[in-house]
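Listed below, chain by chain, are the residues.
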Amino acid sequence: AQSVAQPEDQVNVAEGNPLTVKCTYSVSGNPYLFWYVQYPNRGLQFLLKYITGDNLVKGSYGFEAEFNKSQTSFHLKKPSALVSDSALYFCAVRDGWAGYSTLTFGKGTMLLVSP
Amino acid sequence: KAGVTQTPRYLIKTRGQQVTLSCSPISGHRSVSWYQQTPGQGLQFLFEYFSETQRNKGNFPGRFSGRQFSNSRSEMNVSTLELGDSALYLCASSLGSAAGGTTDTQYFGPGTRLTVL
């Protein structure tokens, strides 16, 4: 079985400061990892994904994520937070060795960026 | 390219009724997945369709069903509605492939907010 843990329900950061949203995963095979963001009353927007290759993945809106196989983590980062980054962030994993595996989401982390 | 569209955006039903939600995927996408989002349970996978075939099913009762048409559009149906079915129902589409498409990115629609009274 595959699973995702987002240990923080909420992350608070001041505008201009760096932000990190944590994610750890568990899969039997190869992890394919995704980050999504959700604004109020909207669907999920894709930010970035890791499939293979460079452990540092760059995505939309200045976000990046670092894949760490030994720590089974895929933390989302941004060097300088904006108030408009305030939203709900989801990490998701898929097992790359399972032919028709589904996407499993974490519970989500609310990011609040204060002016 | 137009994104994933879902209709209706909002629905209010009473217990015991049934409801049908519709999803139109991004043009060229052949895989459609459905999720239920609630504050308590988060995002839970309902089912996935590829080329009109259900490929995966989540842990939901048989009252939840779906189908996919030849143009890749998908519908999900919930019969005998319960209060606990109140949720945001999200549809996501991806390119899909016969081999499984596990590296595909899923693109989400805005969701249908279902309220059961």
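Residues numbered from 1 in each chain as written. Chains lettered and ligands numbered in written order. Predicted model: local features only at pLDDT ≥ 70, side-chain atom pairs only at ≥ 80, totals over all residues. Heavy atoms only, no water.

K.L.:
Tell me what's going on with the overall build of chain A, and back it up with residues and numbers.
P.N.:
Counting its secondary structure elements, chain A contains 0 helices and 12 strands. When the helices and strands of chain A are read in sequence order from the N terminus, they spell out β-β-β-β-β-β-β-β-β-β-β-β. Computed over its C-alpha atoms, the radius of gyration of chain A comes to 14 Å, within 12% of the 13 Å expected for a compact globule of 115 residues. Along the longest, intermediate and shortest principal axes, the C-alpha atoms of chain A span 45 × 30 × 20 Å. (Helix = DSSP H or I, 4+ residues; strand = E, 2+ residues; numbered from the N terminus. Rg over C-alpha atoms; globule rule 2.2 N^0.38 Å.)

K.L.:
Report on the pairing of strand E8 (residues 64-68) of chain A, specifying residues and quantitative values.
P.N.:
All names here are of chain A. Pairing geometry for strand E7 (residues 56-58) and E8, over 3 bridges, is antiparallel. Pairing of Val57 across the sheet is with Ala65, part of E8. Counting the residues in the hairpin turn of E7 and E8 gives 5 residues, including Tyr61, whose phi is positive at 55 degrees. The sheet contact formed by E8 and strand E9 (residues 73-78) spans 5 bridges and is antiparallel. Bridge pairing in E9 places Glu66 opposite His75. Linkage of E8 to E9, two consecutive antiparallel strands, is achieved through a turn of 4 residues, within which Thr72 is found at a positive phi near 45 degrees. (Pairing = 2+ DSSP bridges.)

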